[in-house]
Amino acid sequence: MSSLICDLRTDKVLQTIREGKRLDGRKFDEYRKLSIERNISENAEGTARVRLGETDVIVGVKILPMTPFPDTPDDGSLSVGAEFLPIASPTFESGPPSPESIELSRVVDRGIRESKCIDFAEWSIESGKYAWNAFVDIYAINHDGNLFDAAAIASITALLDSKMPKFEDGKVVKGEFKGKVKLSRKPILCTVSKIGNAIVSDATFAEERAQSARFSVAVTEDEYFSAFQKGGLGSFTASEIDTALDTALKNSKELRKLI
Amino acid sequence: MSSLICDLRTDKVLQTIREGKRLDGRKFDEYRKLSIERNISENAEGTARVRLGETDVIVGVKILPMTPFPDTPDDGSLSVGAEFLPIASPTFESGPPSPESIELSRVVDRGIRESKCIDFAEWSIESGKYAWNAFVDIYAINHDGNLFDAAAIASITALLDSKMPKFEDGKVVKGEFKGKVKLSRKPILCTVSKIGNAIVSDATFAEERAQSARFSVAVTEDEYFSAFQKGGLGSFTASEIDTALDTALKNSKELRKLI
Amino acid sequence: MSSLICDLRTDKVLQTIREGKRLDGRKFDEYRKLSIERNISENAEGTARVRLGETDVIVGVKILPMTPFPDTPDDGSLSVGAEFLPIASPTFESGPPSPESIELSRVVDRGIRESKCIDFAEWSIESGKYAWNAFVDIYAINHDGNLFDAAAIASITALLDSKMPKFEDGKVVKGEFKGKVKLSRKPILCTVSKIGNAIVSDATFAEERAQSARFSVAVTEDEYFSAFQKGGLGSFTASEIDTALDTALKNSKELRKLI
Amino acid sequence: MATKKKEEKESKKESKSKENLEYVNKQGKRLDGRTVDETRPIKIKVGVVPNADGSAYLEWGQNKVIAAVYGPRECLPKHTANPYKAMVRYTYRMATFSVPDRKNPRPGRRDVEISKVSSEAFERAIFTEKFPNTAIDIYVEVLDSNAGTRIAALTTAAVAVADAGIPMRDMIAGVAVGKAGGNIIVDLNKYEEDAPDAVDIPIAILPNSEEIVLLQMDGLLSKKEWVEARTKAFAAIKKVHELQKQALLEKYKNFESTPSNDGSDKQ
Amino acid sequence: MATKKKEEKESKKESKSKENLEYVNKQGKRLDGRTVDETRPIKIKVGVVPNADGSAYLEWGQNKVIAAVYGPRECLPKHTANPYKAMVRYTYRMATFSVPDRKNPRPGRRDVEISKVSSEAFERAIFTEKFPNTAIDIYVEVLDSNAGTRIAALTTAAVAVADAGIPMRDMIAGVAVGKAGGNIIVDLNKYEEDAPDAVDIPIAILPNSEEIVLLQMDGLLSKKEWVEARTKAFAAIKKVHELQKQALLEKYKNFESTPSNDGSDKQ
Amino acid sequence: MATKKKEEKESKKESKSKENLEYVNKQGKRLDGRTVDETRPIKIKVGVVPNADGSAYLEWGQNKVIAAVYGPRECLPKHTANPYKAMVRYTYRMATFSVPDRKNPRPGRRDVEISKVSSEAFERAIFTEKFPNTAIDIYVEVLDSNAGTRIAALTTAAVAVADAGIPMRDMIAGVAVGKAGGNIIVDLNKYEEDAPDAVDIPIAILPNSEEIVLLQMDGLLSKKEWVEARTKAFAAIKKVHELQKQALLEKYKNFESTPSNDGSDKQ
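A brief structural summary.

**A word on the interface of chain C and chain E**
And step 1. Facing the 34 residues of chain C at the interface are 31 residues of chain E.
And step 2. Together chain C and chain E conceal approximately 2,700 Å² of surface at their shared face, both sides included; 54% is due to carbon and sulfur atoms.
And step 3. For the interface between chain C and chain E, the tally reads two salt bridges.
And step 4. At the surface where chain C touches chain E, the tally comes to 19 residue pairs in polar contact (both at pLDDT 80 or more).
And step 5. At the level of elements, β2 (46-52), β3 (55-66) and β6 (130-142) of chain C are the ones that each hand at least two residues to the side of chain C that touches chain E.

Take a look at the structure:
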């Protein structure tokens, strides 16, 4: 899409928002249709594919025995990575991770990690020698806005879907598992965009182009926040952040039901 | 050489081929003069320098103790790498390996590995802890076409020339060896170019510029093929492949005598 | 500063030198004011900040237990790195180390290492398993010429300032130390620039732009040289090198007093 | 080195002693019930990535692949453009979780080689001379794997290129044929690829002209075995090609029900 | 992976069982004697890098930061320039010796993220539209650290930008607020950041308009706690802002005594 | 770090206690039979890479080096070109198998430093101002090594530059001099370089004007020793220079018998 057409589309988004509406008819705090698919890869310990409207994200989890960090010899660990595949958008390129994909993966990581939903001590195998590390790898398949929430929901879903491998005689027992990974909470990331003076949820690609700033918050079922992240060139007032938090408390409940 | 001169040269190659001849007077299935030099480096376990006409390739082998792969704790291993040194051609640049040099090294690797000429179990030192790895490193010195065959012949020659190091008390004994590396077969790579409708062996640089496609096949002394690789933007018919295989069966015998 | 202004400044430097003077009034073999600051970082084992006129360099030392090299299982080691921070000059860029910063760090390293001021055997912890490695990291903060000498003086000062960590039960004891690092000599690097036909010490940035070549020499208190390095596009006569060495013998004594 | 060798081994794990095992039984059936000429089940869906100019998703046994095509579009950086034709840039990658061990997210030497020979295959298929100075980017991501991924990828990509409306001499279709336990068989699975005498021959052709556009082989193969393998391969590829055509027809049949593919709201 | 996780842990070491510990005593004092609303001592010096267009040095407790600004200057490579505004490129780095373990000299993922969100904060503060086609480069190097470095860096950088004479809507000032042992406290030190219930909220605003230009959080925080934390943060930031202004005034007061800052002999 | 230190040690292995050893015996002979003033045997062959504009191969004791020169040619990327002179880009590399342990194929810090100081030496030798906007690329590959490779490389490269017909003020020639067991000796071999008191001084000059274009040193050296070392070096370099000239003459003498060097069929 040419730059001119982009600008016209952005104008149209802004004008519609000023009229209190969105181009696709949603309310400001309304999400697009969320659908979840599992069993993307038998080779993965767990997978999930999340579609939010036309945004499409696949997450796979591999759980491998690693040497624990010297300062936490009895703890397992979590690694989250994201690839903005050039499949997903004409604006994505092959190559090393972009700052955008690094930011996304780190926000998803914090939302999960800081919710304390994983008891890393349970992932120990042998003190100082082996502990399980879960590699959560996020792949953008189609980018129509709000990759953050789609990626976060796919990540927690894939973790919930994951089988815990067995370890015997110094190695992994292929094809055998000891049940599912245990998660004590299901943090949900809810992102809003500031477009004009409105705070809207689950922005499309066209809406993101028109946004001045973005704010993401991860919410647990017991109504705690486990991560904040402001992004974008603009700013938020304190009351806009409060609106975003309230919206997230509400939306996270609905979204969690779909996992 | 300017692009215009290249194009004229290419036209001349194509025209000569149409007349059933080659610019340097060779028959379609004929190789240039092959010469082999050894003892390029005392620091290497084995070396060979192969000249095919003006094409010039040096290969050195280093054999070092490495930790074996967890799934093959009792096997040694082979690693083939290639550098298209900027020495060798105005078209080569310094920097990380190009797709062309990666392809070459992988085809040379497969030709040797898949011929089963190496018994990797014999290269074990201590189960799960140490096994010999042979690093075969290919350096292009002058590129006048058919680097594939020159590199493959130099690689198998350098391996045949290689001394097996000694290992005692957890380390290599400097300057002592336990005989030559054992190879049960000598796979020879034979490459043909499709130029116009002709299938020609051992193309020069000018001929390669005129080729539409390339086909390489590794042949053992017991008339088995151990690797195929089609390259280039064009295609082959099934019967052209058969011609290439028959030519390779014949040429590999002659070339093997020279090792 | 534009290229034109640079050229005019260079002409002025050259003309002044021809008149036997320097722009800032110093004698040819005279250094700018040297000042040294310590305690830049509590997290470092040792630090030093050296200002030579407006040239400003910070060096920090981290001393960590590392696996010794297989061929020197009973020796510690030294690693010197340099970053030409883009903070320090409009001509410096972020990114991997430039050839210039690599050269500087290697010359500083040789000046120290080859003076034999460190007894690496004393840095052994457990033969073949652990030995102390001192990481000396040089950061350019403001570049007004002669980064080499400023970096070398800051490095030896930071090493002299460094505390030796304690190691017990397989790990470093946080916050405890067993005295200062021992250095048997204090090598001082003295660099001269050849500007026109003059040999001048401690060149400013403007003088370095006018220089044809550079020569650095590290000098110990017992009047041995431990490193030479000629740099730059020009050349030196044998007698110019002799002048540089005599100047260094003299200046190093004065500079050493300030450490 | 470890990395390099790991790659080689992606599909060669656990090649324990299987000498006694029978890869084809007396009834002519393989262990998974297939005949020697039979491929694993193949499903293809067209138009799965709304943003792309063309796309396809394929399941081939356990293999799962997604492909998207962007182009013809401006060729950047500009000095890489060709004034006589489009540049075809094919990128093969495997998701980290698509293999039994975790794949290193950075592209390896195997990825580079497969991308190179696949690019060359598409150079032959596409009428590149119609689009001078442009790039046609074909991206393929393997989501799950069990032997034969480069052919599965190429087959998916060909459908995506067709979906993008890029004119081709012919569609590319392929199969891997080979040998296990002395039998020439079509579409080896991982278990068969690990046979002690395994031969693996990925081959792709333009189905109508039978031009070979991709051909690789490893293992010990005689001339006679090659002729048998090639014959079986060509027959199997024609079936694969039928499935490609059906999938494309399917898309245009279901036109109304897949709004994301009608192009009206592409960005 | 080791590298990645190491980074995460830079400030999370030694989180042993401190459940019994009291982070704020009955007198309302923290272990280092501060009240819950109090920042560690802050010192700012302006114009410390003669070559730069603007620069500043800051000590904030144990944290030591140097910042330099170059620009507006030509934006290279040229295709990254924007014809409507200046590009703000903020680079956050930590010296190898600024942390208890040695920091890898190559920038890590944490550096990239902090640089990104800080660039965005300055995009809001600076009147970028006044300098089309240029770049404003802000470089920050952390020399010593003890929790709160990204805010210390941003605060220093804002002073350096002002020193460079680059027009801003307002100066950026920030603080990290958070939680330890159930108390909402201002400017956590490393010990407090390692509390079992620690919450860390780096926040930066334009002090006059109270626009939030940077906001991150990790840890478990309720809505109510957030409101308390934000209120404390805004109050603390205003004090930080006063120190920034004083430092700038100080420079111009001492104009004569700092010849390197008079611009006359800049290269 | 391991990599970095490995490099340093390429020529410093096995420096066990050799204090008792005699490096020069009463007859003034070194362990390999040379006098203190004598270099190892040197053989030079000109014109060994047909594709290059100039090339040479050299054996210096166990050291084996090949050098090729391309240029003056277009300087790419263009923004690196200089409108007043040619850029000289000297690239020193060691083959993986040229050292006792395997050399990492990626260039290390030692390679970068040697390439830099060697580029600078050639900048002085070549009339670069005659070829504005161009690049002169000098590539050197060490195939086998035993102390003194940077000088062997530079000496080979100088012949290759002459073979390319690039006008020089003077040819570059060099030698490494130094100290072992208290003796100032010419052209140290690896055994001598490992002496406990070893000093290594690579030095290269323009032989006619005696301008020093490359000079490095490590080890502990007095002023007096330097003067002795320099005197010995200059004398040895003149002999090296004679061999360079002979090799070039040899090529043109044998003109007819080396068809690849006549330029008629260069590509």
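**Considerations on helix α2 (residues 109-125) of chain E**
And step 1. Between its terminal C-alpha atoms α2 of chain E stretches 25 Å, which fits the 24 Å expected from 17 residues at 1.5 Å a residue.
And step 2. Along α2 of chain E, 15 of the 17 residues are buried, which leaves the element largely enclosed by surrounding structure.

**Notes on the interface of chain B and chain D**
Quoted interface sizes are often the accessible area lost when the parts come together.
And step 1. At the interface, 47 residues of chain B touch 40 residues of chain D.
And step 2. Counting the surface lost from both chain B and chain D, the interface buries some 3,700 Å², and carbon and sulfur atoms represent 57% of this.
And step 3. Linking chain B with chain D are five salt bridges.
And step 4. A salt bridge links Arg110 of chain B to Glu113 of chain D; the nearest nitrogen and oxygen atoms lie 2.7 Å apart.

**A word on the sheet that holds strand β5 (residues 134-144) of chain E**
Note on sheets: strands pair through backbone hydrogen bonds, and any given pair is parallel or antiparallel.
Residues and elements named next belong to chain E.
And step 1. Spatial ordering of the open sheet is given by β1-β2-β3-β5-β4, a layout of five strands whose pairing is mixed. Either end of the sheet is taken by a strand with one partner, and the two such strands are β1 (42-46) and β4 (87-94). Averaged over all neighbouring strand pairs, the angle between strand axes comes to 15°, with direction disregarded.
And step 2. Pairing of β4 with β5 involves eight bridges; the strand directions are parallel. Directly across from Met94, in β5, lies its bridge partner Val142.
And step 3. Contacting β1, β2 (54-60), β3 (63-74), β4 and β5, helix α3 (residues 149-163) crosses the sheet at an angle of about 150° to β2.
And step 4. In the packing of helix α5 (residues 223-253) onto the sheet, contacts are made with β1 and β2, and the angle to β1 comes to roughly 35°.

**Some remarks on unusual backbone geometry**
And step 1. Going from Gly71 of chain D to Pro72 of chain D, the amide bond is cis rather than trans, its omega being -5°.
And step 2. Within the secondary structure layout, Pro72 of chain D lies in strand β3 (residues 63-74).
And step 3. A positive phi angle is found at Asp187 of chain E, which is not glycine, with a value near 55°.
And step 4. Within the element layout of this structure, Asp187 of chain E appears in the loop between β7 (183-186) and α4 (190-193).

**Remarks on the pattern of salt bridges**
And step 1. Counted by the stated rule, this structure contains 150 salt bridges over all chains.
And step 2. Here Lys223 of chain D and Asp246 of chain B are joined by a salt bridge, their closest N and O atoms 2.9 Å apart. Here Asp246 of chain B lies in helix α5 (residues 238-257) and Lys223 of chain D lies in helix α5 (residues 223-253), a pairing that spans two chains.
And step 3. Assessed through its relative accessible area of 24%, Lys223 of chain D is described here as partly exposed.
And step 4. Two residues, Lys116 of chain D and Glu120 of chain D, come together in a salt bridge whose shortest N-O distance is 2.7 Å. Highlighted residues: Lys116 of chain D and Glu120 of chain D, both in helix α2 (residues 109-125), separated by four residues, approximately one helical turn. Residues Lys116 of chain D and Glu120 of chain D agree in their burial class; the two are buried.
And step 5. Salt bridges here are not isolated pairs; linked through shared partners, they connect Arg22, Asp24, Arg26, Arg32, Asp144, Asp202 and Glu207 of chain A.

Conventions and cut-offs
The residue count restarts for each chain, going from 1 along the sequence in the order it is written. As a convention, the first chain written is A and the first ligand written is 1, with the rest following in written order. Whole-chain, interface and lining totals are the exception, using all residues; otherwise, since this is a predicted model, local features are given only for residues with pLDDT of at least 70 and side-chain atom pairs are given and counted only at 80 or more. Neither water nor hydrogens contribute to the side-chain values; these are computed over all heavy atoms in the structure. Residue contacts are defined here by distance: any two heavy atoms, one from each residue, within 4.5 Å place the two residues in contact. By definition, the buried area sums, over both parts, the 1.4 Å-probe accessible area that each loses when the two are put together. A carboxyl oxygen of Asp or Glu within 4 Å of a side-chain nitrogen of Lys or Arg is what we treat as a salt bridge. Between N or O atoms, a polar contact is any pair within 3.5 Å; within protein, one atom must be a potential hydrogen donor and the other a potential acceptor, and residues adjacent in sequence are included only when both atoms are from side chains. Starting at the N terminus, helices and strands are each numbered in turn, a helix being any DSSP run of H or I of at least four residues and a strand any DSSP run of E of at least two. One less than the number of residues in a helix, times 1.5 Å, gives the span that helix is expected to have. Think of it in three bands: with a 1.4 Å probe and only protein chains considered, a residue is buried below 20% of the maximum accessible area for its type, exposed above 50%, and partly exposed in between. Strand pairing is defined by DSSP finding a minimum of two bridges between the two strands. As a rule, the C-alpha atoms of each element are fitted with a line to give its axis, helices using only the stretch in contact, and angles between N-to-C directions run from 0 to 180 degrees.

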